[in-house]
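# Fold and geometry: a report
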Amino acid sequence: MHQCTSTNDIVESSARTGAPHGFVSICETQSAGRGRLDRSWTSPVGGVWLSILLRPPGRQSFLDSLPLLGALAISKTVSAQLRLKARVRWPNDVVVDDRKIAGVLAEAKSMGNELAYAILGLGINANFNIDEIRETTNAATLQSLHGAPIDRVALICAVLFETENLYELLCTGKVEKIISLVREFECSRGRNVKVKLPSRELLGTVDDYETLGRVCILTPHESHSIDTSTVLSVEYQSN
Ligand code: BT5
């Protein structure tokens, strides 16, 4: 598709009319791309903006696992294909040298306690000039880091392949295996962060991943187990 509001919207309307598990929407540009908590996501022509429909077996914890899973799929792919040191930055970013090259947005439709379906949206800054997202500080594009336009078709195929493999691990209960891959590809542990939650703010250090949706933050006197889905924002600070 050339243009849409958001690929998550396309997948959502397709899901409502019966699109199958694995349905993917890819768009050249989005007029209303969004991030977490309705923050806006700038989506110029040349990026990779895609969403995947997942008809998962069940629970809310499944949805909470998706942001890290998507970020891991992108980090692994970019590291392998472009030989860039792409790292998962909790909760839902992919960065190279701490500059954001991709973000992940997981949304879901619930029926009671069960998930009817989930939508995994992946946005990757591929081939456009960084000036097009000038308002966004500390972002980068793969084109600028790689020194030349990248092969978007190859990137998309590999990201979908990685996502499918990780999803398979999630569905077969091999969460520990995914967490150990996250540890291999992440850059958040040991860093100082300011985490905004609905009722308080924590200044501490990212300690470790308890599950894919729960992270332990150490403050001077306590250890806090944080449900990632409740996090309003995370600011990384120099250590
Ligand atoms: C994210 O949210 O990082 C999730 C982004 C998900 C985008 C994909 S594209 C396909 C699918 N369809 C959609 O509509 N969305 C998904 P968050 O962590 O809330 O980060 C949002 C913040 O990132 C914004 O407030 C900006 O500061 C910054 N930002 C906006 N556009 C950016 C870009 N292209 N590159 C890097 N940072 C950006």
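Residues numbered from 1 in each chain as written. Predicted model: local features only at pLDDT ≥ 70, side-chain atom pairs only at ≥ 80, totals over all residues. Heavy atoms only, no water.

## Quick notes on the site of the ligand
The local shell around the ligand holds 27 residues, among which Ser6, Arg34, Arg39, Lys100 and Asn125 are the closest. Here an oxygen atom of the ligand sits 2.8 Å away from a polar atom, N or O, in the side chain of Arg39. With respect to the ligand, the side chain of Asn125 contributes an N or O atom lying 2.8 Å from a nitrogen atom. Surface burial for the ligand is 89%, taken as the share of its 800 Å² of free accessible area covered by protein chains. When residues of the shell around the ligand are traced back to their parent elements, those giving at least two are helix H1 (7–16), strand S4 (48–54), strand S7 (99–111) and strand S8 (114–124). Broken down by element, the shell around the ligand gets its largest block of residues, four residues, from S7. Of the residues in the shell around the ligand, the class split is seven nonpolar, 15 polar and five charged. (Near = heavy atom within 4 Å. Polar contact = N/O pair within 3.5 Å; in protein donor to acceptor, adjacent residues only side chain to side chain. Areas by Shrake-Rupley, 256 points an atom, 1.4 Å probe, with all protein chains shown as cover. Helix = DSSP H or I, 4+ residues; strand = E, 2+ residues; numbered from the N terminus. Nonpolar A, V, L, I, M, F, W, Y, C, P; charged D, E, K, R; others polar.)

## Examining the nonpolar core
Counting residues in hydrophobic clusters, the biggest one holds 57 residues, and the most contacted among them are Ile74, Val78, Leu142, Ile178 and Ile217. Filtering out sequence-adjacent residues up to four positions away, Ile178 remains in contact with Leu69, Leu72, Leu166, Leu169, Leu170 and Leu212. In this structure, Val11, Leu53, Tyr117 and Ile119 belong to the second largest nonpolar core, which totals six residues. (Core = buried A, V, L, I, M, F, W, Y, C linked by side-chain atoms within 4.5 Å. Buried < 20%, exposed > 50% of the residue type's maximum accessible area, 1.4 Å probe, protein only. Contact = heavy atoms within 4.5 Å.)

## Focus: the packing of helix H2 (residues 60–82) against helix H4 (residues 152–171)
At a minimum axis distance of 9 Å, the contact between H2 and H4 shows a crossing angle of 140 degrees. It follows that H2 is oblique to H4 by the angle criterion. With respect to the hand of their crossing, H2 and H4 are arranged in right-handed fashion. Note on element contacts: H4 touches H2 through Ala154, Leu155, Ala158, Val159, Glu162, Thr163, Leu166, Tyr167, Leu170 and Cys171, opposite Phe62, Ser65, Leu66, Leu69, Leu72, Ala73, Ile74, Lys76, Thr77, Val78 and Gln81. Looking at the contact of H2 with H4 residue by residue, the classes come out as 15 nonpolar, four polar and two charged. (Axes fitted to C-alpha atoms, helices over the stretch in contact; angles between N-to-C directions. Parallel < 35°, antiparallel > 145°, perpendicular 65-115°, else oblique. Left-handed = near helix turned anticlockwise from the far one by under 90°.)

## So, the pattern of salt bridges
Inspection of the entire model under this criterion finds twelve salt bridges. In this structure, Asp93 and Lys100 form a salt bridge, with 2.7 Å as the shortest nitrogen-oxygen distance. In this structure, Arg189 and Asp208 form a salt bridge, with 3.8 Å as the shortest nitrogen-oxygen distance. A residue pair is termed long-range when its members are at least 10 positions apart, and Arg189 in the loop between helix H5 (175–185) and strand S9 (192–196) and Asp208 in strand S10 (residues 201–211) qualify at 19 residues. Classification of Asp208 by relative accessible area gives partly exposed; the value is 22%. Each of Arg89, Asp93, Asp98, Lys100 and Arg191 takes part in salt bridges that share partners, so that together they form one network. (Salt bridge = Lys/Arg side-chain N within 4 Å of Asp/Glu carboxyl O.)

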